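Each chain is listed here by its residues.
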Amino acid sequence: MEDNKAFPIEIEDNFELPLSEFTIPECYKDDLSAVLIEQEKILERIDKMAIEINTRIGEKPLVMICILKGSFKFFSDLLQKLTKIRLQCSWPIRVEFIRAKSYLDQISTGNVLIEGMDSLDNEGLKGAQVVLVDDIIDTGLTLSRLSEKFKEIVGPNGHIWKAILISKRTTFVKAEFAFVDFVGFSVPDKLISFFRLYFAWSLFPKGKWYLTFPFSFI
């Protein structure tokens, strides 16, 4: 597994950790079959992603945009780390929230529904460094459409960056959608859903991958 700013940490296709090594909440025990990424590795990678973002963007006006709903915990942890790193920066981090989805019943519709764009302060975004934060890239369609919209808003003096916790190795990602600036992990091509906790990536018996985020587990 290589870990630097050019490449995400790659999780091999057949890699998994036995449940016996973890303390699993009772409500999940009947569903889980294995853990893919431990809590510590998720948090360590988020810390390094924050450093990467700060290094590449520098002390410029920074706007972090959370793509709801799935990315809220990843966004929160990333924002907290970035805020600490930029304590000496003269520009505060601005935070915005939008909601976007392109899936219906776990199938990509080919269209992206975006909510919250009309509530943004477009004037305040002009010339800014905007980081779109999402939990996972699957087809890449959602991020591509959002990037197009925000490029129009920030103008030629601004820049759109994309930060993703999980990138799936899938043939469905089109070449023009594939580029992401900051990626946490590269995982096998499996159907992914999310719990609103924070624990680890887990393989479910029917081929579904679930991400749960760490509070006090493990």
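This text goes with the structure placed above it.
Values in this document were obtained by computation on a predicted structure and should not be read as measured data.

### Digging into the nonpolar core
Thinking step 1. If you look at the biggest cluster of nonpolar residues, it comprises 28 residues, and the most contacted ones within it are Ile-53, Met-64, Leu-78, Val-131, Val-133 and Phe-185.
Thinking step 2. Elements with a minimum of two residues in this core: strand 2 (34-37), helix 1 (39-57), strand 3 (62-68), helix 2 (72-85), strand 6 (129-137), strand 7 (159-168) and strand 8 (182-187).
Thinking step 3. In terms of residues, this core owes the most to one element, helix 1, which gives six residues.
Thinking step 4. Setting aside anything within four residues of it in sequence, one finds Ile-53 in contact with Gly-58, Leu-78, Leu-82, Val-131, Ala-163 and Phe-182.
Thinking step 5. Among the nonpolar cores identified, the runner-up in size contains 22 residues, and Ile-67, Ile-137, Leu-143 and Val-183 belong to it.

### Some remarks on the side chain of Ser-147
Thinking step 1. Note that Ser-147 resides in helix 4 (residues 141-154).
Thinking step 2. Take Ser-147: its relative accessible area is 5%, and that puts it in the buried class.
Thinking step 3. Within the local environment of Ser-147, its side chain forms a polar contact with the backbone oxygen of Leu-143, the two atoms lying 2.8 Å apart.
Thinking step 4. Apart from the residues within four sequence positions on either side, Ser-147 is in contact with Leu-132, Ile-160 and Lys-162.

### Points about the pairing of strand 6
Remember that side chains alternate between the two faces of the sheet whenever the strand is regular.
Thinking step 1. For strand 6, a buried count of nine out of nine residues is recorded, marking the element as mostly surrounded by other parts of the structure.
Thinking step 2. Bridging between strand 3 and strand 6 involves five bridges; their strand directions are parallel. Within the sheet, the bridge partner assigned to Cys-66 lies in strand 6 and is Val-133.
Thinking step 3. Relative to strand 7, strand 6 runs parallel, the two sharing eight bridges. Its bridge partner being in strand 7, Ile-137 is matched across the sheet by Ser-167.
Thinking step 4. On the question of chirality, the crossover connecting strand 6 to the parallel strand 7 by way of helix 4 is right-handed.

### Things to note about helix 4
Thinking step 1. Here helix 4 spans 20 Å end to end across 14 residues, near enough to the 20 Å set by a 1.5 Å rise per residue.
Thinking step 2. Among all positions of helix 4, only Leu-141, Thr-142, Leu-143, Ser-144, Leu-146, Ser-147, Phe-150, Ile-153 and Val-154 are buried.
Thinking step 3. Positive backbone phi, at 75°, marks Gly-155, one or two positions downstream of helix 4.

### Considerations on the side chain of Lys-162
Thinking step 1. For Lys-162, the position within the fold is in strand 7.
Thinking step 2. Within the buried core, Lys-162 has no salt-bridge partner, and the shortest N-O distance to an opposite charge, that of Asp-181, equals 5.6 Å.
Thinking step 3. If we ignore the near neighbours within four places in the chain, the residues touching Lys-162 are Leu-132, Leu-143, Ser-147, Phe-179, Val-180, Asp-181 and Phe-182.

### Digging into the packing of helix 1 against helix 2
Thinking step 1. As a packed pair, helix 1 and helix 2 sit with axes 9 Å apart at the nearest point and diverge in direction by 50°. Classified by the angle between their axes, helix 1 and helix 2 sit oblique to one another. Of the two possible hands of crossing, helix 1 and helix 2 adopt the one that is right-handed. In this structure, helix 1 uses Leu-43, Ile-46, Asp-47, Met-49, Ala-50, Ile-51, Ile-53 and Asn-54 to contact helix 2, whose residues at the interface are Phe-74, Asp-77, Leu-78, Lys-81, Leu-82 and Ile-85.

Thresholds applied
Residues numbered from 1 in each chain as written. Predicted model: local features only at pLDDT ≥ 70, side-chain atom pairs only at ≥ 80, totals over all residues. Heavy atoms only, no water. Core = buried A, V, L, I, M, F, W, Y, C linked by side-chain atoms within 4.5 Å. Buried < 20%, exposed > 50% of the residue type's maximum accessible area, 1.4 Å probe, protein only. Helix = DSSP H or I, 4+ residues; strand = E, 2+ residues; numbered from the N terminus. Contact = heavy atoms within 4.5 Å. Polar contact = N/O pair within 3.5 Å; in protein donor to acceptor, adjacent residues only side chain to side chain. Pairing = 2+ DSSP bridges. Right-handed = clockwise from strand over helix to strand, strands pointing away. Expected span 1.5 Å × (residues − 1). Lys, Arg positive; Asp, Glu negative; His and termini not counted. Salt bridge = Lys/Arg side-chain N within 4 Å of Asp/Glu carboxyl O. Axes fitted to C-alpha atoms, helices over the stretch in contact; angles between N-to-C directions. Parallel < 35°, antiparallel > 145°, perpendicular 65-115°, else oblique. Left-handed = near helix turned anticlockwise from the far one by under 90°.

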